[in-house]
Number of protein chains: 2
Amino acid sequence: MPSPPLGFLLSTLASALRENTEKQLADLGLTPREYGLLWRLADGPLSQRQLGELHRIDRTTVVGLLDRLEVARLVDRTVDATDRRRHAVSITDAGRTLLESATAVVDEASSSFTAALTTAERSTLLRLLVKLLEGSQP
Amino acid sequence: MPSPPLGFLLSTLASALRENTEKQLADLGLTPREYGLLWRLADGPLSQRQLGELHRIDRTTVVGLLDRLEVARLVDRTVDATDRRRHAVSITDAGRTLLESATAVVDEASSSFTAALTTAERSTLLRLLVKLLEGSQP
DNA sequence: GCTGATAATCAGTTATGCTGACGAAATGCC
DNA sequence: GGCATTTCGTCAGCATAACTGATTATCAGC
């Protein structure tokens, strides 16, 4: 039997892992996608457009996601001084604190998800996926 | 910078590859998900429930997908002789013919998607993803 | 200054998946 | 054999999510 198509593997595995992660994150009041945004913002502020492109989220959807995160005081929207059209989205201290707890449960979920792999295989997989991502969004 | 969360990598890459594949498959009148079902059925008939579980598609969604494929004469639904509640879903000759053409464009899409990887890396990646899938749905 | 392009937002539409119910058929229990 | 329970596929309705197009504010080029 030939290997399943790459697209099938990626989307099925993504769906399975998301199901696990979703339940754990729900206790913290976060969705996986919101967690992803917080994780991204930990490296520094980004515009909404940049956030959307990096995470493949439509610009209009980003608005709603950030609305919710902002009301929860997890992120801030400030007008970018160098380009007043842009919003510089940054993570708050409360956001960082929640991100820490969330990262613990996300790591736990993905560890158990990759239990069938050895440690070496797991890091190889991550390395290849990162390489793939860098190749697809240069 | 630490590696992105596994879930983010999987879902982002799945989304990016799907976007590429979608356009190519549209010329053949197939969605990526429909292609996945045809690919699966090439190995032999399955019940709708089995199809849904293997592809992580809700049972009620499977109904609609198969409706469309059946109208297009790509699959057949026959009552399973050993369990008359079940439908044995099988691929038709026309379905196999289309599957061949579709596989060509899907392979092409995933090859170009993995252009940043060496041949060895590409097969390692596939091997690890398959191992992960087998571990998550035993 | 004007023109065209870009960032964020909003309203409205569209697609999508899921919930709960149903009939038909199988299984288990007595 | 007869009855309750479970499973399979189906359907209608609901909820959610994403996208389309338009709008406002701002910027860059000429």
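All chains use their own residue numbering, which begins from 1 and follows the written sequence. As they are written, the chains are lettered A onward and the ligands numbered 1 onward, keeping that order. With pLDDT at 70 or above as the cut-off, local features in this predicted model cover only qualifying residues; side-chain atom pairs require 80 or more to be listed or tallied, and sums for whole chains, interfaces and linings still use all residues. The side-chain values count all of the structure's non-hydrogen atoms but skip hydrogen atoms and water molecules.

So, the interface of chain A and chain B
- Contacts are assigned to residue pairs that have any heavy atoms within 4.5 Å of one another. With 45 residues of chain A at the contact, the number on the chain B side is 45 residues.
- Across the chain A to chain B interface the summed buried area is about 4,400 Å²; carbon plus sulfur atoms make up 79%.
- On the chain A side of the interface with chain B, the three residues burying the most area are Leu 6, Arg 56 and Leu 132 of chain A, jointly 15% of the side's total.
- Basic side-chain nitrogens of Lys or Arg form a salt bridge, by our definition, when they fall within 4 Å of a carboxyl oxygen of Asp or Glu. Scanning the region where chain A abuts chain B turns up 6 salt bridges.
- Salt-bridge contacts for Glu 19 of chain B lead to Arg 56 of chain A; the nearest nitrogen and oxygen are separated by 2.7 Å.
- Sorting the residues of the side of chain A that touches chain B by element identifies α1 (6-26), α2 (32-41), α3 (48-55), α5 (93-113) and α6 (119-136) of chain A as the ones contributing at least two each.
- A per-element tally of the side of chain A that touches chain B places α1 of chain A first, with 14 residues.
- Each residue receives one of three labels: charged for Asp, Glu, Lys and Arg, nonpolar for Ala, Val, Leu, Ile, Met, Phe, Trp, Tyr, Cys and Pro, and polar for the others, Gly being one of them. Partitioned by chemical class, the residues of the side of chain A that touches chain B number 26 nonpolar, 11 polar and 8 charged. Buried surface area refers to the total accessible area, computed with a probe of radius 1.4 Å, that the two partners give up upon joining, counted for both partners together. Counting from the N terminus, the helices are the DSSP runs of H or I reaching at least four residues and the strands are the DSSP runs of E reaching at least two.

Remarks on the nonpolar core
- Here the nonpolar core consists of buried residues drawn from Ala, Val, Leu, Ile, Met, Phe, Trp, Tyr and Cys, with membership extended through side-chain atoms lying within 4.5 Å. Under the scheme applied here, a residue whose accessible area is under 20% of the maximum for its type counts as buried, over 50% as exposed, and between as partly exposed, the area being computed with a 1.4 Å probe on protein chains only. In terms of nonpolar packing, the biggest core is built from 32 residues, with Leu 10 and Leu 129 of chain A together with Leu 10 and Leu 129 of chain B touching the most fellow members.
- Every element with two or more residues in this core is listed here: α1 and α6 of chain A together with α1 (6-26) and α6 (119-136) of chain B.
- In this structure, Leu 10 of chain B is in contact with Leu 10, Leu 13, Ala 14, Leu 17, Phe 113 and Leu 129 of chain A together with Leu 129 of chain B, ignoring residues within four places of it in sequence.

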